[in-house]
Amino acid sequence: MTPTQDLTLAGLVHDLRNVFETLSDAAEALSDDPKWARTAAAISRAVDRGQRIAASFQESVQTFDLDVIVRNATQATLDFRAASHLPELRFETGIEPGIRLAGQPGAWERVLVNLFVNAAHAMPEGGDIAIRARRTGGFVELAVSDTGPGIAPSILPELFKPGFSTRRAHSGLGLSIVDSIVRAHGGTVEAGNREDRRGARFTIRIPDSQAAIPLEPHPVAVEGLADSRVDECA
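Summarised in this report is the structure supplied together with it. (Residues numbered from 1 in each chain as written. Predicted model: local features only at pLDDT ≥ 70, side-chain atom pairs only at ≥ 80, totals over all residues. Heavy atoms only, no water.)

1. Focus: the nonpolar core
One finds W108, I129 and I204 to be the most contacted residues of the largest nonpolar core, which totals 41 residues. Secondary-structure elements contributing two or more residues to this core are α3 (66–83), β2 (89–95), α4 (105–122), β4 (127–136), β5 (139–146), α5 (174–184) and β7 (200–207). At 10 residues, the largest contribution of residues to this core is made by α4. Beyond its immediate sequence surroundings of up to four residues, I129 is in contact with L89, R90, F91, E92, F116, A119, M123, V144 and S145. (Core = buried A, V, L, I, M, F, W, Y, C linked by side-chain atoms within 4.5 Å. Buried < 20%, exposed > 50% of the residue type's maximum accessible area, 1.4 Å probe, protein only. Helix = DSSP H or I, 4+ residues; strand = E, 2+ residues; numbered from the N terminus. Contact = heavy atoms within 4.5 Å.)

2. Regarding α3
For α3, with 18 residues, the first-to-last C-alpha span of 26 Å sits near the 26 Å given by 1.5 Å per residue. Burial analysis of α3 places 14 of its 18 residues in the buried class, which makes it a mostly covered element. One or two steps after α3, the chain reaches H85, where phi turns positive at roughly 55 degrees. (Expected span 1.5 Å × (residues − 1).)

3. A closer look at the packing of α3 against α4
Their axes nearest at 9 Å, the elements α3 and α4 cross at an angle of 40 degrees. For the element pair α3 / α4, the angle class is oblique. Viewed along their axes, α3 and α4 form a crossing whose handedness is right-handed. The residues of α4 that touch α3, namely those facing I69, V70, N72, A73, T74, A76, T77 and F80, are P105, W108, E109, L112, V113, F116, V117 and H121. (Axes fitted to C-alpha atoms, helices over the stretch in contact; angles between N-to-C directions. Parallel < 35°, antiparallel > 145°, perpendicular 65-115°, else oblique. Left-handed = near helix turned anticlockwise from the far one by under 90°.)

This is the structure we're talking about:
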């Protein structure tokens, strides 16, 4: 990266922080009104996530708890659901204790949020999202499944291509971002359908290693939430 690119990136992060500060101040003002307190809290959490994403462009490789990333991504998705007036979502997690990933925590938060939001859009009547993670054969296997209609076999080869989307007025970048981040961390991601019942499943496999991996820059610093399971958005 050239000095000019460094300056451009630093300037972008600086300007975004100014935007986030304005939003944070507005959320604080809204929080004084009981009518808007919950909205203000959601805005504050969104600002926190935006700050983590901005900071992650300059984030170093580290090891971190997968469970914390899942909780952050779950809360971000529930806030998105509420703001977008989507139907109820229920999350269920089954993560093998003690799993730590090596890489950039913000990048993995982006991976999960994109998968969760993709699942939410696939379930216009609401539904369940399950997150499972386990160690197997020298890898960590992370699976995200939903109770939507599943993925048509005809579009599976196109799913991770930039710009591909089955929804109008959408960029089609979400799953492409997932694929690029996972590959940057030395892993793979596959899309398919659940065997037991209707619904899509995305399976990520990454090396089970605490060692740092040479990565491309991808986003954020991690802040945990209180509970490991969030059943629904109020």
